[in-house]
Number of protein chains: 2
Amino acid sequence: MAKELKELTPRSENYSQWYQDLVIKADLAENSAVRGCMVIKPYGYAIWEKMQRILDDKFKETGHVNAYFPLLIPKSFLSKEAEHVEGFAKECAVVTHYRLKTNHDGTGVVVDPEAKLEEELIIRPTSETIIWNTYRNWIQSYRDLPILCNQWANVMRWEMRTRLFLRTAEFLWQEGHTAHATREEAEIEAKKMQGVYADFAENYMAMPVIRGVKSESERFAGALDTYTIEAMMQDGKALQAGTSHFLGQNFGKAFDVTFVDKEGKTDYAWATSWGVSTRLIGALIMSHSDDNGLVLPPHLAPIQVVIIPIYRSEEQLNQIRQKVDGIVANLKKLGISVKFDDADNRKPGWKFANYELKGVPVRLAMGGRDLENNTIEVMRRDTLEKETISCDGIETYVQNLLEEIQKNIFQKALKRREERTITVDSYDEFKEKIEQGYFIMAHWDGTPETEELIKNETKATIRCLPLEGDMTPGKCMVTGKPSARRVLFARAY
Amino acid sequence: MAKELKELTPRSENYSQWYQDLVIKADLAENSAVRGCMVIKPYGYAIWEKMQRILDDKFKETGHVNAYFPLLIPKSFLSKEAEHVEGFAKECAVVTHYRLKTNHDGTGVVVDPEAKLEEELIIRPTSETIIWNTYRNWIQSYRDLPILCNQWANVMRWEMRTRLFLRTAEFLWQEGHTAHATREEAEIEAKKMQGVYADFAENYMAMPVIRGVKSESERFAGALDTYTIEAMMQDGKALQAGTSHFLGQNFGKAFDVTFVDKEGKTDYAWATSWGVSTRLIGALIMSHSDDNGLVLPPHLAPIQVVIIPIYRSEEQLNQIRQKVDGIVANLKKLGISVKFDDADNRKPGWKFANYELKGVPVRLAMGGRDLENNTIEVMRRDTLEKETISCDGIETYVQNLLEEIQKNIFQKALKRREERTITVDSYDEFKEKIEQGYFIMAHWDGTPETEELIKNETKATIRCLPLEGDMTPGKCMVTGKPSARRVLFARAY
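The rules we used
Residues numbered from 1 in each chain as written. Chains lettered and ligands numbered in written order. Predicted model: local features only at pLDDT ≥ 70, side-chain atom pairs only at ≥ 80, totals over all residues. Heavy atoms only, no water. Buried < 20%, exposed > 50% of the residue type's maximum accessible area, 1.4 Å probe, protein only. Helix = DSSP H or I, 4+ residues; strand = E, 2+ residues; numbered from the N terminus. Pairing = 2+ DSSP bridges. Contact = heavy atoms within 4.5 Å. Axes fitted to C-alpha atoms, helices over the stretch in contact; angles between N-to-C directions. Salt bridge = Lys/Arg side-chain N within 4 Å of Asp/Glu carboxyl O. Buried area = accessible area lost by both parts, 1.4 Å probe. Nonpolar A, V, L, I, M, F, W, Y, C, P; charged D, E, K, R; others polar. Domains from an automatic or database assignment. Polar contact = N/O pair within 3.5 Å; in protein donor to acceptor, adjacent residues only side chain to side chain. Expected span 1.5 Å × (residues − 1). Bend = angle between axes of the 7 residues up to and from the residue. Core = buried A, V, L, I, M, F, W, Y, C linked by side-chain atoms within 4.5 Å. 1 Å grid on protein atoms, 1.4 Å probe; cavity = no way out; pocket = protein on both sides within 12 Å on 5 of 7 lines; lining within 4 Å. Points joined across faces, edges and corners; volume = space filled by probe spheres on them. Disulfide = S-S within 2.5 Å. Least-squares fit on C-alpha atoms with pLDDT ≥ 70 in both. Left-handed = near helix turned anticlockwise from the far one by under 90°.

I keep staring at helix H6 (residues 128-138) of chain A and nothing clicks. Help me out?
Among the eleven residues of H6 of chain A, nine are classified as buried, and the element is accordingly described as predominantly covered. Those residues of H6 of chain A that sit buried are Glu128, Thr129, Ile130, Ile131, Trp132, Asn133, Thr134, Tyr135 and Trp138 of chain A.

Explain the sheet that holds strand E11 (residues 210-213) of chain B to me, please; I cannot follow it from the model alone.
Adjacent strands of a sheet pair through backbone hydrogen bonds, lying either parallel or antiparallel. Residues and elements named next belong to chain B. In spatial order, the strands read E3-E9-E10-E16-E13-E12-E11-E24-E27-E23-E22; together these eleven strands make up an open sheet with mixed pairing. The open sheet is flanked by strand E3 (65-66) and strand E22 (421-423), the only strands paired with a single partner. Both E22 and strand E23 (residues 439-443) contribute to a ladder of three bridges, which runs parallel. Within the sheet, the bridge partner assigned to Thr423 lies in E23 and is Met441. The strands touched by helix H7 (residues 183-203) are strand E9 (147-156), strand E10 (170-180), E11, strand E12 (225-232), strand E13 (238-248) and strand E16 (270-277); relative to E16, the strand with the most contacts, the crossing angle is about 10 degrees. Those strands touched by helix H14 (residues 427-435) are E22, E23 and strand E27 (486-490), and its axis lies near 165 degrees from that of E23.

Is there a simple way to explain the pattern of salt bridges in this structure?
Any two side chains of opposite charge can pair, so long as their charged atoms come close to each other. In the structure shown here, the tally under the stated rule is 49 salt bridges over all chains. Note that Glu187 of chain A is salt-bridged to Arg183 of chain A, the shortest N-O span being 3.9 Å. Of this pair, Glu187 of chain A and Arg183 of chain A both sit in helix H7 (residues 183-203), four residues apart, which is roughly one turn of the helix. The salt bridge involving Arg363 of chain B is made with Glu377 of chain B; its shortest N-O contact spans 3.8 Å. With a gap of 14 residues between them, Arg363 of chain B in strand E19 (residues 362-366) and Glu377 of chain B in strand E20 (residues 375-380) connect regions that are remote in the sequence.

Sorry, what's going on with the interface of chain A and chain B here?
Buried accessible area, meaning the area lost when the parts come together, often serves as the stated size of an interface. Contacts between the two partners involve 68 residues from chain A and, on the opposite side, 68 residues from chain B. Together chain A and chain B conceal approximately 5,300 Å² of surface at their shared face, both sides included; 66% is due to carbon and sulfur atoms. The largest share of the area that chain A buries against chain B comes from Tyr68, Tyr98 and Leu100 of chain A, three residues that together contribute 13% of it. At the surface where chain A touches chain B, the tally comes to two salt bridges. One salt bridge connects Glu49 of chain B with Lys60 of chain A, and the closest N-O pair in it is separated by 2.7 Å. Among the elements that make up the side of chain A that touches chain B, the one with the highest residue count is helix H3 (residues 42-61) of chain A (six residues). Of the residues contributing to the side of chain A that touches chain B, the split by class is 41 nonpolar, twelve polar and 15 charged. Strand direction decides the pairing type here: strand E5 (residues 94-97) of chain A and strand E5 (residues 94-97) of chain B, joined by three bridges, are antiparallel. By the bridge assignment, His97 of chain A is partnered in E5 of chain B with Val94 of chain B.

Whenever I open this one, the domain arrangement of chain A confuses me. Can you help?
Residue and element names in this part refer to chain A. Domain annotation of chain A identifies domain 1 (11-288), domain 2 (305-401) and domain 3 (421-490). Contacts between the two partners involve 18 residues from domain 1, matched on the other side by 17 residues from domain 3. For the pairing of domain 1 and domain 3, the buried interface totals around 1,300 Å² over both sides, and the portion due to carbon and sulfur atoms is 61%. One can count one salt bridge joining domain 1 with domain 3. Salt-bridge contacts for Arg463 lead to Glu230; the nearest nitrogen and oxygen are separated by 2.9 Å. Here domain 1 and domain 3 share six residue pairs in polar contact (both at pLDDT 80 or more) between them. Mapped onto the side of domain 1 that touches domain 3, the elements with two or more residues apiece are strand E11 (210-213), strand E12 (225-232) and strand E13 (238-248).

Where do I start with helix H10 (residues 314-333) of chain A in this structure?
One turn of an α-helix holds 3.6 residues; hence residues three or four places apart share an orientation. Residue and element names in this part refer to chain A. With 20 residues, H10 ought to run about 28 Å at 1.5 Å a step, and its terminal C-alpha atoms sit 28 Å apart, in line with that. By the largest-angle criterion, Val324 marks the main kink of H10, which is about 30 degrees. What H10 keeps buried is the set Gln316, Leu317, Ile320, Val324, Ile327, Val328 and Leu331. Structurally, H10 contributes buried residues whose contacts are with strand E17 (305-309), strand E18 (338-340), strand E19 (362-366), helix H12 (368-373), strand E20 (375-380) and helix H13 (394-419). Two residues or fewer past H10, Gly335 is found with a positive phi of approximately 80 degrees.

Explain the nonpolar core here, please?
For soluble globular proteins, nonpolar side chains are generally found buried alongside one another. Among the nonpolar cores identified, the biggest contains 159 residues, and Ile123 of chain A together with Ile123 of chain B are the most heavily contacted of them. Here Ile123 of chain B is in contact with Leu71, Leu72, Val95 and Ile123 of chain A together with Leu71, Leu72, Ala93, Val95 and Met156 of chain B, once residues within four sequence places are set aside. If you look at the next biggest cluster of nonpolar residues, it comprises 61 residues, including Trp18, Phe165, Val276 and Ala365 of chain B.

Sorry, what's going on with unusual backbone geometry here?
Most peptide bonds take the trans configuration, and most residues that are not glycine carry a negative phi. Here the bond from Leu145 of chain A into Pro146 of chain A is cis, since omega is -5 degrees, no more than 30 degrees from zero. Turning to its location among the elements, Pro146 of chain A is positioned in the loop between H6 and strand E9 (147-156). Even without a glycine there, the phi angle at Asp27 of chain A is positive, about 60 degrees. One non-glycine residue with positive phi stands out, namely Asp256 of chain B, at about 55 degrees. For Asp256 of chain B, the position within the fold is in the loop between helix H8 (250-254) and strand E14 (258-260). Asp256 of chain B sits in the partly exposed class, given a relative accessible area of 46%.

Would you take a moment to explain empty space enclosed by the protein for this structure?
Over the atoms rolls a probe the size of a water molecule, and in doing so it shows where empty space is left. Within this structure, the stated rule accounts for two cavities of 30 Å³ or more. In this structure, the largest cavity spans a volume of roughly 40 Å³. Looking at the largest cavity, the residues that line it are Cys37, Met38, Ile40, Glu170, Phe171 and Leu172 of chain A together with Tyr68 of chain B. Among the elements of the structure, strand E2 (38-40) and strand E10 (170-180) of chain A are those that each provide at least two residues to the lining of the largest cavity. Of all the elements, E10 of chain A adds the most residues to the lining of the largest cavity, at three residues. Of the residues contributing to the lining of the largest cavity, the split by class is six nonpolar, no polar and one charged. Roughly 30 Å³ of internal volume is contained in the second largest cavity. For the second largest cavity, the full set of lining residues is Tyr68 of chain A together with Met38, Ile40 and Glu170 of chain B. Classifying every residue of the lining of the second largest cavity gives three nonpolar, no polar and one charged.

Could you clarify how one ought to interpret the side chain of Asp382 of chain B in this entry?
Residue and element names in this part refer to chain B. For Asp382, the location among the structural elements is in the loop between E20 and strand E21 (386-390). Within the local environment of Asp382, its side chain forms a polar contact with the side chain of Asn408, the two groups lying 2.7 Å apart. Here Asp382 is in contact with Val295, Ile405, Asn408, Ile409 and Lys412, once residues within four sequence places are set aside.

Help me understand the state of the cysteines, please; the structure alone is not making it clear to me.
Note: disulfide means a covalent bond formed between the sulfur atoms of two cysteine side chains. Within the structure shown, the criterion is met by zero disulfides over all chains. Here Cys37 of chain A is not disulfide-linked; the sulfur of Cys92 of chain A is the nearest cysteine sulfur, at 14 Å. On the basis of relative accessible area, Cys37 of chain A is assigned to the buried category, the value being 1%. The structure places no disulfide on Cys476 of chain B, whose sulfur is separated from the nearest cysteine sulfur, that of Cys464 of chain B, by 17 Å.

How should the sheet that holds E17 of chain A be read in this particular structure?
Residues and elements named next belong to chain A. Spatial strand order, E18-E17-E19-E20-E21: five strands in an open sheet with mixed pairing. In this open sheet, the two strands that pair with only one neighbour each are E18 and strand E21 (386-390). On average, each strand axis in the sheet is tilted by 25 degrees relative to the strand beside it, whichever way the strands run. With five bridges connecting them, E20 and E21 associate as antiparallel partners. Following the sheet pairing, Met379 is matched in E21 by Lys386. Strands in contact with helix H11 (residues 348-357) are E17, E18, E19 and E20; relative to E17, the strand with the most contacts, it is inclined by about 170 degrees. Running at roughly 10 degrees to E20, H13 makes contact with E17, E19, E20 and E21 of the sheet.

Teacher, can you tell me more about the relation of the copies chain A and chain B here?
Copy one and copy two of the chain differ by a rotation about an axis and a translation along that axis. Mapping chain A onto chain B calls for a screw motion: a turn of 180 degrees about the axis and a shift of 0.0 Å along it, with 0.0 Å RMSD after fitting. When the rotation and shift are considered jointly, the pair of chain copies conforms to a two-fold rotation axis. In terms of C-alpha distance to the rotation axis, chain A has Val95 of chain A as its closest residue, with the C-alpha 2.1 Å off the axis. When the interface residues of chain A are mapped onto chain B, 100% of them again lie at the interface, so the same face is used by both copies.

Would you take a moment to explain the packing of helix H2 (residues 15-25) of chain B against helix H9 (residues 279-288) of chain B for this structure?
Relative placement of two packed helices is described by the angle separating their axes and the distance separating the axes. Residues and elements named next belong to chain B. Closest axis-to-axis distance for the H2/H9 pair is 11 Å, and the angle between their directions is 120 degrees. Where H2 crosses over H9, the handedness of that crossing is right-handed. On H9, the residues that touch Tyr15, Trp18, Tyr19, Leu22 and Val23 of H2 are Gly282, Ile285 and Met286. Classifying every residue of the contact of H2 with H9 gives seven nonpolar, one polar and no charged.

As structure tokens, this is what we get:
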């Protein structure tokens, strides 16, 4: 494993290869036999489960309930919302048959042409259409509103170029779909869920995010407004970490979802939708990890503390075990997940490297001298700093250290973003800086044409119109036309 | 709602219609626009979430970890295991295309024939094939074993006749897939998971089950042995509630999954798989519910206690609220989920009927006289018995009552099963009794031919060879040939 660790490409050499190496070597995920679809391995899935639990609690605290809607959607539903179909038609997997027949010439199974579906079905790329078709029967009166549903599900988008976690044909996500009696209430909901995502990103993933609203071209297909949280990765590129859409009455109209309001007037229901996905695991990796492996924030680490015994004899191991058992029990009482790794088929050095690779926030090690001195060695993964301290009160020390690590990696990511976020007024400087991996606040004339031109020439997109920051007007860096405010540009994943 | 309640068909009149009515009226699930695929509504999904949490904890306690494998499986994989393909080929949804194109003649979207997949993909009906294809790369040595993975996922089987929860084209489930170095270890694992399922069924669902092993014809396609738990529904029919399969080396051989054992010898890995699904919700409903609605076991009820105020004025409501707030807080401290329903748009009578329909185990009601007397009315859903008791110590009373209800509904179901399980020696009596809804222990000559004949003539199948009970040999009730032991026959869902 020490050997395998060496094979992790350094970030400075090839950031993209480093990411790919890390995902594989840390046992997070791998490619499957189906192009673009990944296998999420147990260690990667354990991170997703932690994310799910925390997010699900937050959704419930804000009044949402979970439900489940069909995987398959009639093809015709997709075309009911004009913009939605434009956004998704080209990347849909289409089910046309429902039966195979065994071929007795030895070639296995073939599609039975007799069993062609009357109407083709698509595998959901997102569920607005099937859900709003269902809501039509759930909503008659304002008393039936709001409906605040979420679903945890797999979705499928046939992407041409895929990367583990960041962009895969199938991915896991949650999608909230709410229906409201008023425009205002729906807008509040969409912004509230953006807030929930931002809180999760910053306080659990330790990943600072910029909250903003998307430009028209970058909106979700069918939305009037898309609220986003954008994070900066270590290479200065942006990653869209979560979006919350105010959908207006578009889906209400497309699926004829009407209700009678308090005054007896009939109106279409107002909608939002919002989602985050297994992409967040990619964001987590690229925010904090280093050339030695993963750096996981303690709030999301499947194993928060690992304890490794260093021993010369079975007798010494038993002495260490005796000492460590109490520490393990006390840490568990504090709600800390801890693993005592006394496997005898691996040397301590291998274990050290392995848990560094796996990003375990705190490593404790105890050897013969520690036994004599009632001490233990503590290593923190974020800074790789080691110190030897007394076993008395070690549990509280570790508890505090986990919180400090959580804060430290957030601060480190925040500092990086602040250092690499600049204000630019000339398009030449923009081109130069975007190449070097910066978030750039620049003036833009507000037209999709200029946005498109910038994108084509520099690969930079408008990540968002930040909710906070400089709101003074100016002149577009490209056309010189009036600009209402600076917007955030970056290259993005 | 009182009106709607009346519309619940009585069980004695039409058991099947009663079930259908109840699923719809209790807001558990409904049919979707896609034939055979259901929408699981929030109240139904809340029960599934409770099931998931408990099962997931049990899987982890027994050493399993979660992972996630692709939804889509290359068609050719299915045919690698000869029996497996025979079992599933006819009910697979097949994906043949991955792109739609917008049709500008106004008819929406059509399949783009240019974007036909090179190899067709099926939507997983179960994941043995894709998982064992993945395991090939995970397993080299006995040190890599056992692999103890589970996944929570949706699967698709194109069933002709569907019923909400009991048999749907898409359903949610968990599927465990384990790999072992020895036959013995895999057999122990398969039996262990049958035990986990039985424990869950009996202690959480309050549903007594018979543990047994399937006859050859009823085995999972590709298994050497299928361990099952079988429950009796109120109409005397059996429901297979969970299965755990010992797969031998069938998938190891089909996907060439070999390992080097301790002696340096190469062998194929041994496999198990095991699963339970949203079908359990159907089983739960049909085990305990009555003509007034659901009866949920307290261990799985999303709302365990509902408190309803009965008031004449806003002032009186406030007094009740003050009194009830403390009770609610204390119940929550005991880990009991409680809802205080003070909605003013519904009368208490409507609420009573509604929570009966929803199966809330304990209902508390407080009115003006209760306020004066420091009392509260307690109604238990399982027996519909009411009593008025002092508010002092009400929390402990309710806590104990919930446990009593849990036990009572289990005992009631057990008593029913015992009364309706009989031993039969003549085929004529068998035919008569099976018609009346009995579990029948009878002798059978052990041949698939006799099994098939019985099935065709009586619609009864061998549910299992029970692990416990009468093991004495006898004569087959049909052919008179020797029978090794009695087996369990029933009609089944």
